[in-house]
Structures are given as structure tokens and as C-alpha cells.
Amino acid sequence: MVIADELTSPIPTRGGRGTSRSTPKFKFDKSLLGLLPLFLFLGYFLLYPIASIISASIHDNKHHLTLSLYGNLFSGNYRDAFTGSFKLAFYSMIVSGIAGALICWSVVKTTGVVRTITSSAAGVLANTGGVPLAFMFIAAFGQEGLITKLLLHVFHWDLYGGSFDLYNFWGILLVYCFFQIPLMVIIFTPALENLRVEWIEANESLGGTKFQYFRHVLIPVLLPSFLSACLLLFASAFSAFATAAAMSNGSIPLVPLFIGNLVNGNVIAGQENQGDAMAMGMVIVSLFVIAAYLLLLRVTRKR
Amino acid sequence: MDLHGSTVEFRNVKRTFGTVKALDDFSLTIKPGELVTLLGPSGCGKTTALRILAGIDKEHEGIVEIDGKDMSQVPANKRNIGMVFQAYSLFPNMTAIENVAYGLRVRGVDSHKRESRARELLDLVGLSTQADRRPTQLSGGQQQRVALARALAIEPSVLLLDEPLSALDAQVRAQLREEIRRIQSTIGISTLFVTHDQEEAMAISDRVGVMNKGVLEQIDEPGKLYNKPRTPFVAGFVGLTNYIPAVTESKSLVLVLSQSLEISDHSPAVKKGDEVRALIRPEEFEVQKADEGATVITKSFLGPVTRLGIDVGTPDLIYAEITSKEAKKIDTGDFVRLSISSDAVMIEHV
Amino acid sequence: MKRKFTAFDKVIIAFAAFFFIAPLIAAAEYSARGYGDKGHTFANYSWIVHQLGFSPALLTSLRIAAITILIVLVLMVPTVVYVHLGGRRYRRLVEILCLLPIVIPVVSLAIGAQVAMPKSLQSTSYELCFFYVVVAMPYVYRTLDIGLQSVALSTLVEASQSLGADWFKTLTMVIIPAIRSSTTGALFITFALSLGEYTLAVLLHFHTFPTWATNVSQQNIYGSIAISVTTLGGAWIFLIVIAFIPRIKSLFAQRKRVA
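Residues numbered from 1 in each chain as written. Chains lettered and ligands numbered in written order. Predicted model: local features only at pLDDT ≥ 70, side-chain atom pairs only at ≥ 80, totals over all residues. Heavy atoms only, no water.

*Asks:* Which residues make up the interface of chain A and chain B, and what values do they have?
*Replies:* Residue-level contacts link 20 residues of chain A with 26 residues of chain B. With both sides pooled, the region where chain A packs onto chain B buries about 2100 Å², and carbon together with sulfur makes up 59% of that total. The interface formed by chain A and chain B includes one salt bridge. A salt bridge links B:R51 to A:E201; its shortest N-O distance comes to 2.6 Å. Summed over the shared surface of chain A and chain B, the number is nine residue pairs in polar contact (both at pLDDT 80 or more). When residues of the side of chain A that touches chain B are traced back to their parent elements, those giving at least two are α9 (197-205) and α10 (210-239) of chain A. The dominant element in the side of chain A that touches chain B, judged by the number of residues it contributes, is α9(A), at seven residues. Of the residues in the side of chain A that touches chain B, the class split is seven nonpolar, seven polar and six charged. (Contact = heavy atoms within 4.5 Å. Buried area = accessible area lost by both parts, 1.4 Å probe. Salt bridge = Lys/Arg side-chain N within 4 Å of Asp/Glu carboxyl O. Polar contact = N/O pair within 3.5 Å; in protein donor to acceptor, adjacent residues only side chain to side chain. Helix = DSSP H or I, 4+ residues; strand = E, 2+ residues; numbered from the N terminus. Nonpolar A, V, L, I, M, F, W, Y, C, P; charged D, E, K, R; others polar.)

*Asks:* Could you give an account of the interface of chain A and chain C, naming the residues involved and the relevant values?
*Replies:* Taken residue by residue, the interface counts 89 residues in chain A and 92 residues in chain C. Counting each side, the surface lost to burial between chain A and chain C is near 8000 Å², with a carbon and sulfur contribution of 77%. Applying the counting rule to chain A against chain C returns one salt bridge. Linking C:D9 and A:K109 is a salt bridge whose minimum nitrogen-to-oxygen distance equals 2.8 Å. Between the two partners, chain A and chain C, sit five residue pairs in polar contact (both at pLDDT 80 or more). The greatest single-element share of the side of chain A that touches chain C, amounting to 14 residues, is contributed by helix α2 (residues 36-57) of chain A. The class makeup of the residues in the side of chain A that touches chain C is 60 nonpolar, 21 polar and eight charged.

*Asks:* With reference to specific residues and values, describe the packing of α2(A) against helix α4 (residues 91-99) of chain C.
*Replies:* Between α2(A) and α4(C), the shortest axis-to-axis distance is 11 Å and the interhelical angle comes to 30 degrees. The orientation of α2(A) relative to α4(C) falls into the category roughly parallel. Every pair of crossing elements has a handedness; the one defined by α2(A) and α4(C) is left-handed. Seen from α2(A), the contacting residues are A:L38, A:F39 and A:L42; seen from α4(C), they are C:L93, C:V94, C:L97 and C:C98. Looking at the contact of α2(A) with α4(C) residue by residue, the classes come out as seven nonpolar, no polar and no charged. (Axes fitted to C-alpha atoms, helices over the stretch in contact; angles between N-to-C directions. Parallel < 35°, antiparallel > 145°, perpendicular 65-115°, else oblique. Left-handed = near helix turned anticlockwise from the far one by under 90°.)

*Asks:* Which residues make up the nonpolar core, and what are the values?
*Replies:* Formed by 203 residues in total, the largest nonpolar core has its most connected members in A:M278, B:F26, B:L53 and C:M76. Membership of the second largest hydrophobic core comes to 32 residues, among which are B:L35, B:A101, B:L165 and B:I187. (Core = buried A, V, L, I, M, F, W, Y, C linked by side-chain atoms within 4.5 Å. Buried < 20%, exposed > 50% of the residue type's maximum accessible area, 1.4 Å probe, protein only.)

*Asks:* Outline the environment of B:N80, listing residues and values.
*Replies:* Residues and elements named next belong to chain B. Counting through the fold element by element, N80 comes out in the loop between β5 (69-70) and β6 (81-84). Owing to a relative accessible area of 25%, N80 belongs among the partly exposed residues under this scheme. Along the chain, N80 and S116 lie 36 residues apart, while their C-alpha atoms are 20 Å from each other. Among the polar contacts made by the side chain of N80, one reaches the main-chain carbonyl oxygen of E155 at a distance of 3.2 Å.

*Asks:* Please set out the sheet that holds strand β11 (residues 242-248) of chain B residue by residue, giving values where relevant.
*Replies:* Residue and element names in this part refer to chain B. Spatially, β11-β12-β13-β19-β14 is the arrangement adopted by the five strands of the closed barrel, whose pairing is mixed. With strand direction ignored, the average angle separating the axes of adjacent strands in the sheet is 55 degrees. Two strands pair when backbone bridges link them, and β11 and strand β14 (residues 275-280) are joined in this way by six bridges, in the antiparallel orientation. Looking at the pairing, Y243 lines up with L279 of β14. (Pairing = 2+ DSSP bridges.)

*Asks:* I'd like to hear about the pattern of salt bridges, residue by residue, with values.
*Replies:* Residue and element names in this part refer to chain B. On inspection of all chains with the given rule, the structure shows 27 salt bridges over all chains. For the salt bridge of E179 with R182, the shortest nitrogen-to-oxygen distance reads 3.7 Å. Placement of both E179 and R182 in helix α5 (residues 170-187) is noted, with a separation of three residues, approximately one turn of the helix. The class of R182 is partly exposed, set by a relative accessible area of 41%. Sharing partners across several salt bridges, the network here consists of E9, R11 and E65.

*Asks:* Quick one: what's the story with the environment of B:T7, residue by residue and with numbers?
*Replies:* Residues and elements named next belong to chain B. Along the polypeptide, T7 turns up in the segment before β1 (8-17). Overall, the relative accessible area of 27% leaves T7 in the partly exposed class. Spatially, the C-alpha atoms of T7 and T195 are 21 Å apart, while their sequence positions differ by 188 residues. Contact partners of T7, with chain neighbours within four places excluded, come to T29, I30, P32, E65, I66 and D67.

In C-alpha cells, the structure reads:
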């Protein structure tokens, strides 16, 4: 379950001025003591585990320092898993990004009850995942599903006539859209709400056409927010485990599933620490994506 | 700068929103090079008139002409009108100079020409050093200067200013309004200015039109508007006015504060013995220290004049303004005698 | 002034509504099917309750959620209040620390827990509580922080003290009431997350309600869809309640004023 809406709302936080940066020499400050519980908690339950993975991932089973475990990530099954995860995250980012932006475009124009319903629905749907979501889609789009039957009998379209299968890549992509699109709606709404009618009117009075407004104003204004929102979608799809696990039965190579398998004891002898390297690989990918996101967000906030 | 002034004409323009009449039989002519201000409380229809002229609001009856040409079939982006909005109208993805050059860019003017033209205009509004800043890096006053330069860059036939100063601090507001007037009269562009701030309207306009509930009540030079208001609404809205309970003595005389005065021309018709309210401006009083009578309750120093709040037994205090020199003699708690110095007063029914 | 709502917007909203509502209806219909086309029935729902392990799994999840909430209450609420009052200059640091878990994929965290945590902790399902606090931390922090920003706590405290209240009275009469609603919000989020979390639970081999539901699902397709309808429905009602809490509260406040 990903509860994303609070986190991603780009409310610039106040404060942060006059931090310890301004003090030239480090001097112990007693008010740090009040933060000790938090430091200890995060140190033990977040940083220590991550440090342990890092340490494990650079040692082979004879306890020698090595980077070969990371080298392995670029070959064989491991590479396939990363490629698969990248592909799924990328496609899901494109489809959900565009669909979500379009829906968002229409939703921000609504008012009153409709707006309340759509925005709370988005919050709820974006946090749906795992086995319940998977089974809901089996009931809807599976061989015996209601929508499959509806499409066949009413629209004479056999969903399963082509290469579609709920359990293959495209099926998982469809299921991911169910929580990724609402996530996009949540993240992208503030950007659209910041658009001003005055820009449309100024463009008109200055002699610009609708097309020129799109090309010179709307798209350049929205692009950074759109891209940063897409990066969050990528990160969310890349690290999603529960839904993938419920849908694929291991038929599609994905990093989180691969790691899951390793944790469950399906380890090839002599590569006990390979899972740690993979987990770190995920952290590194995630770090890169979030860093890019923060960078883009700074561009938008400067405006 | 070689902008010529155009003539703008509204003839019997009507606009309704549902059942609300935003503009009712609105007629107005702006002469070449003239700055006309529409003044009124919010919802009086002044902005609607401006938006109809800009072509943004198209659903109206009546005729709008620029230089004798009917505008009804001309879309907003072909009207060649420069518009400055309240705030936030600059495109955030462009620098100041790019904003100014935008109108020329969409007209296909080559980049070299439009840059030199944009620089010229930024210079005119005194922002040549800020050309490469983005809107968020500019202060509110600077943003509005850029917006003005942007509106003028397309050499419009008419300039529209929709409360361009309302989002600014008092000091910046006063400074910028003088500058708008300076630039406007240098270029000689016909201008329609919309505001709810009467001081602003009086300060910079050739003529001010006071609007109330979709109706243009009076349009006149600032001085006339103040001294010769033609309706009680105008008298009340322009300048500070006391509403004093009074009784008519005949069709043409009214008794105010036990002083018999002539009723002004634009007052509604009355007969003897009607209970009315007389509208009297603070500077129309003479205040003399006395041993008994009305009491001075408040005293506020306003620079050259001082405003006294005086209790004469009516429900509201009466405000009188006298020179600060005279006011030195009078303190709060003192008894004073009030007399009205004007020859004719406006009255309205209670 | 609003931009115009066009036919294009209607089409988009209609498509979106179909994509998100149709699967729900389909699942509800499917879950009420009987074996051998016997029409619709609630049998699949009663089947859930009679499965082995239903109540132990649910109880375990509830217990874990309760303890997680307790830790959040004891650890996070005082820390964020403290940052807003005394340790103001460490706000940026605390913010970064609290948002850090977002960057760590839960799968990776699970591996880390398996490698690093002592055996004694790994043998009990209460291990999950600590990691749920970590996973929930960004959301909890944001909720508390936004709530506290909107009440300008330090001004309130100064006002209270200048009016002569001592620290105890300030705490009970000013601070606690001021942060009640954001605290409630943060706790609700924590609760929802701990009840529905699957990844950590399954990777660390604990039997919580979500993992139980997954196991049971493999026996009976109709029953499993009934389970998913129930859990989704439950989660949604819960999340909708969270979304509407401010509105409900203002409704009550109005009632009180009228009365």
C-alpha cells in the first residue's frame, strides 16, 4: 500500500533558514537531545539495515571484498529482471502519466460535490494494491470476467483474441494503471490549479491564437511538473511488490519478485549475498529517480 | 513612439448574468488620447464593460466601435488592444523581456526587431536592468510595469487597465499610477481604466465615470464630479460625505442643523415637510468654538487639514474638516458651533 | 474565474469513471456467483469467515496496528512538536530524515531487516511494528507538520505563557487541543497502512491478515474475490472517512454553534 498524496503535494515548506550551516565551528547543541529518540530509532531500524545490505553486497561468501555481485546484475537473469522492471515502470509511467494528466485536466474544472468525490476517490484508488486489486481485475478482465463478457457480447470484441493475458506484461500494466493513474491525478492537480485564466486572456489580447498559447505558454509551464510527476510514477511502479507478486506467479522477471524469491530461500549456492546487491541496486535506481525529481521540482518552484 | 489615439464608442450595451444586469444600456465615448476611468464598487459592471471592449466577453447586446468600426465580428486576438490585468498575468516561463516581446512574436516579427522594441519599452517603464528576470524574481510593482510594457509593445489602438494597482502596497500604488499617467500621455493612447479606488481615479483621469448596478450614473472631469455630483450615489461614493437628517421647508429649501439652505438641482423632487437626508461634505462646515452646543468627540490630524468628529445629537457623528492651523484651538471635549458654508445642498429621500 | 467545462472533459471523465468503477461492479458480481450457475448468493462471504486462521490473522494484524500506532504516538508526535517549538533550526534535518524512507523500496528494507535484526526480534511478528513506523514515517511527518504549521504553535504557546499559564496548563489547554486533529489524521494513516501492508509481512514470513487472505485465495476463486471485495471495501470506507474527517468535524462544530 502506498499512501502517496500527502507526501507528494508540492507545498513548499517554510523555515529551514538559519540552520546549523551558519555556525562556523561545530558546537554541541543541547536542543539536539530532544531529537535523540528519532535519531536512535531511524539509525537502528533504517540506516543499520541498509548499511548491513551494503556491507553484505560487497562481500562474497568467503568474506572477501568484491564488487562482482554488482557485476552480476548486468548479466543473465538479474539483468532480465532489471530490464523487466525498467520496462514495466517505463510503460506504466507513459500510459498513466498521459491518462492521469488528461483526467486531471478535466477534474480540476469541476467544482463542489463532483470535485470532492473525484479528489477523495483519487486518494483512495491510489492506495489500492496487492492481492485484492489483482483479484478484482481477475473478476473484471479475466477469462470469465464481467467486462470481458460485456466486451465480447455487446461490442463483439474478444479481449483474449490477441496477445492479451491478464497474467502477462500487458495485463500487469493494465492493473498498475488502476493505482498509477489516480496517483498521477493527485500529484499533477496542484500544477494545473496554478494555471491562471489571465494567461489565456493575455495571450488573446496580445494577438496569440489558441495553438500559440499551447505551444508558448501552457506546455512550457506544465512540462517540468509533468516530468517530475512521471518520475514519481516510475519510482512507484519500479518498486511495487504486492501487486506484481499477486499477478504474475513469477512468470515475468521483475526485480522485487526476484528479491522476494531470494528471501524465500531459493538461493543458488555460493551467491547468498546476491539478493543484497539486488536490493541495493533498487535503492540506487530509486535514489537516482528521486534526485531527478527533486531537481525538477526546484525548477518548478523557482517560477 | 507613434501611437495615435483611437476613438472608442459603446452604444447601448447590455449584458446580463442570469437575472443580474451587469450592464444596463451602457453608452460611453472615449476621445482620441483620452484616459477615461470607470469607478464603482465591486459588481457595478465596470470590469464587464472593459472585458466586452477587449472581446473576452462576447455575449452582449448593443454596439462597440473602435474608430467607427464595429467590433462585434472581430475576435479578441484581432482587436489590437493592449490589456493590463490585476495581477499574475505574466507568463511564468518567460523572462521580462520575453513577456514584452510575446505579442510581436505571435505576429511573426523577427527576433532582432522584437528584442530592440521590447528593450525600448522596458526602458520606458524603467526596467531595462531587469530584462532577464523571471516574473517571480520581480516585485509586484515591477511585474505590473512589465505587464504595461507588454501591452504597449503591440502598438495597440486602445489600452485597457483592469485594476492594475489593486494588488500593490499603498506607496507603490501611488507612484505607479503617476507613471502610468505619464506614459499614457506621452504616447497619447486612448485608455480605459477600471478601479474601485476613487483617489486613484481622481488622480490620473481626464474623465471619470461612476457606475452603480450596471448603470453609468455620471461621467465628468474629476473636479466636476466632486463638486457637482448629479446623483446622491455619486455624491456618496466620491469623497467623504455626511448624511444628516433634515426636513424640507418648501420645494426648494431644506432645514439642516437649524440652518435653511437651498436644495441643489440634481436632488429628487420633494414637497414641504418631507423627511430627507442632506449630503454635506466635511469641508463645507465652518467650526467655531462655543460655550455650549455640539461636542467634539474625535480629532484626527490629516496633514494640512484636521478632521473632527462632532456629536450634534444625530445618530452618527458628523465629520468636519478644517485647516490644521484652525484646529489647534479646538480639542476633543470642547463645545463647538457648526455652520454650513455651501449655497446649495443635495438631498435624498430617507 | 474557471475555465470552461467542455464536451471533451465530459468524455474524459466518463471514460475514467468507467475504468475505475466497472472493475468494482464486476468483482462484486463475481463474488456473488454460486458454483454451477445457481444464481447469486452471499455464500462466498460466509465462506471467508469459516476459513481456518481467519480470526487469528485478523487479531494479529489488529495487534500490530495498535502497537504501531502507540510507537508513532510516543516517538513521532513529541518529536515533531519539539521541532516546531524548541529545536526549530533542526527542522530541515528532521524533515529529510523523516522523508528518507520514501527512497528505500520496501523490498530492500525487508532484506535489510532480515540481515540486520537480531534473531530474538525476528522470531516475533512485533518486529513488523517497527518497520511499519519507518514506512509510515514520511506520511506521518507530513501530516503532523502541515497540521502544526497551520496552527502557529509557537505563537500560541507564547500567548498562553504571556497570559500567565504554566507549562502544564499550556500543554493540556493549548498544545494538545491544537494538535489533536493532525495527530488523529497521522494515526489513521498509520492504522490503514499497518492493516493492509503485505510486502514486509510476506517477505519476513509473518502471518498477518493480508498474507492469510492471499493464502486462502488459492483455494476458492469465488471466495477469494469475495475477500478482495471485503478488504477493498473496508479499506476504501476507511480512507474515505479519513478524507472526510475535517468536513465531519466542521459539521459537528456547526451543530454545536447552532445549539
